[in-house]
Amino acid sequence: MKKILNTLLALSVVAGISSQVTAQTRDQIRIVGSSTVFPFATAVAEEFGRSGSFKTPIVESTGSGGGLKLFCSGVGLSHPDITNASRRIKSTEVALCAKNGVTDVTEVKIGFDGIVLANAKGAHQFKLSLKDIYLALAKEVPAPGTQGGTSNLIANPYITWDQINAELPNVKIKVMGPPPTSGTRDAFNELAIEAGCKAFAGNAALKKSDKALYKQKCRSIREDGAYVEEGENDNLIVQKLQADTDVLGVFGFSFLDQNSDSVQGSLIAKKGTDFKEPTFENISSGAYPVSRSLFFYVKKKHVGVVPGIAEYLAAFTNEDAWGDEGYLTDRGLIPLPESERRVIAKNTKMLVNLSLK
């Protein structure tokens, strides 16, 4: 009897979720998430609204982490249909989705982007190694003359750039960038701060002995004013760089591309002096060391309920949008290889379930 009651209860929960989706009405797609993917999603949404019979989707810039939190909060028309992300979804976020009934999700990888450290055009153009970036912005760094490791890490003492590297200017270290909820911040921590941290042998050894402590030490950004959180508005950072030529800003390549008349990207070397400029070609080839993939995620239970989701997916994965000559390249998107685009477009049309393997 107890087994039957449990079965009936489970069926009622499923039915409740289904009715929650269908009982409400919404005739407009709702999209949240990454500020980096925001201009690409907005461009597709506007073209989609102009060229078809569906309303223009609502696109909100909430940051990757904030968007995934909203997306994973439940099924039903009070929740977003799609979330953009400038990093891949985490296993903890997949678990949160599942906990709240969001069990059928399709992942769409849309292209590449570079993370830039930029300043005002006409100011000193920085040439930075990943090691320089780590020493400038990490919360703790190796004591001078050591190779790091937990016993040799100290609170970051560096005030000016030339204290890190004599080739850099005698200018106070001040960098504006996104908050912890941002995918750009996550990717910057991993691709720049952590990569620079590993340049020290003691830090690299820590990864083998205590991976959790290693991540804590190698991805933590200083909180003494050298790094200033400026929210999810990358355009605001660009504006502030023009007002203060001594400051650097962290944001996606697309914003550099759109504001190339007023800001310039620093040249970055993975190691040594092999400096690479953040350009379309260098990011697409992988030569520029601080680059990442961009995504969005679709709630399958909303497809066929909210009008136009399937059509929006087709519009985004159309060669006219994300292809080599597509209009999204004008917004700064670095396209995926054509063969990869074909596979992703097919999987998107079939709404293939997300797999983190």
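Above this text sits the structure in question.
The structure contained in this document is the topic of the report that follows. Keep in mind it's a predicted model, so treat the numbers as computed, not measured.

The rules behind these values
Residues numbered from 1 in each chain as written. Predicted model: local features only at pLDDT ≥ 70, side-chain atom pairs only at ≥ 80, totals over all residues. Heavy atoms only, no water. Helix = DSSP H or I, 4+ residues; strand = E, 2+ residues; numbered from the N terminus. Rg over C-alpha atoms; globule rule 2.2 N^0.38 Å. Buried < 20%, exposed > 50% of the residue type's maximum accessible area, 1.4 Å probe, protein only. Core = buried A, V, L, I, M, F, W, Y, C linked by side-chain atoms within 4.5 Å. Contact = heavy atoms within 4.5 Å. Disulfide = S-S within 2.5 Å. Phe/Tyr/Trp six-rings, centres within 6.5 Å; stacked < 30°, edge-to-face > 60°. Salt bridge = Lys/Arg side-chain N within 4 Å of Asp/Glu carboxyl O.

Examining the overall build of the chain
Moving on, step 1. Along the backbone of the chain there are 14 helices and 13 strands.
Moving on, step 2. Since a compact globule built from 357 residues should have a radius of gyration of about 21 Å, the 22 Å found for the chain is in line with a globular shape.
Moving on, step 3. Seen through its principal axes, the chain has C-alpha atoms that stretch 70 × 55 × 35 Å.
Moving on, step 4. Sorting the 357 residues of the chain into buried and exposed places 49% on the buried side.

Quick look at the nonpolar core
Moving on, step 1. Ile-110, Ile-133, Trp-161, Phe-188 and Tyr-312 are the most contacted members of the largest nonpolar core, which has 81 residues in total.
Moving on, step 2. Apart from the residues within four sequence positions on either side, Trp-161 is in contact with Phe-126, Leu-128, Asp-132, Ala-136, Leu-168, Pro-169, Val-171, Lys-172, Ile-173, Lys-174, Val-175 and Leu-248.
Moving on, step 3. In this structure, Ala-85, Cys-97, Phe-295 and Tyr-297 belong to the second largest nonpolar core, which totals 11 residues.

A short note on the state of the cysteines
Moving on, step 1. Across all of its chains, the model carries two disulfides by this definition.
Moving on, step 2. Covalently, Cys-72 is tied to Cys-97 through a disulfide, its sulfur atoms 2.0 Å apart. Taking the torsion about the S-S bond as the criterion, the Cys-72 to Cys-97 disulfide, at about -65°, is left-handed. Highlighted residues: Cys-72 in the loop between α3 (64-71) and β3 (82-85) and Cys-97 in helix α4 (residues 91-99), separated in sequence by 25 residues.
Moving on, step 3. The class for Cys-97 is buried, based on a relative accessible area of 3%.
Moving on, step 4. Residue Cys-197 pairs covalently with Cys-218 via a disulfide, S to S 1.9 Å.

Considerations on the packing of aromatic side chains
Moving on, step 1. Counted under the stated rule, the structure contains eight aromatic pairs.
Moving on, step 2. For the ring pair Phe-296 and Tyr-312, a centre distance of 6.4 Å and an interplane angle of 55° mean the geometry is tilted. Of the two residues, Phe-296 is situated in strand β13 (residues 291-299) and Tyr-312 in helix α12 (residues 309-316); the sequence distance between them amounts to 16 residues. Across the pair, exposure class does not vary: Phe-296 and Tyr-312 are buried alike.
Moving on, step 3. Arranged with centres 5.0 Å apart and planes meeting at 50°, the rings of Phe-296 and Phe-316 form a pair that is tilted.

Quick word on the pattern of salt bridges
Moving on, step 1. Evaluation of the coordinates by the stated rule reveals 20 salt bridges.
Moving on, step 2. Ionic pairing is found between Arg-222 and Asp-224, a salt bridge with its closest N-O pair at 2.9 Å.
Moving on, step 3. Notably, a salt bridge pairs Arg-341 with Glu-319, separated by 2.8 Å at the nearest N-O pair. Here Arg-341 is found in helix α14 (residues 338-349), whereas its partner Glu-319 is found in helix α13 (residues 319-322), with 22 residues between them in sequence.
Moving on, step 4. The partly exposed category is assigned to Glu-319, whose relative accessible area is 38%.
Moving on, step 5. Each of Arg-87, Lys-90, Glu-93 and Asp-186 takes part in one network of salt bridges that share partners.

By themselves, these figures tell us nothing about what the structure is for.
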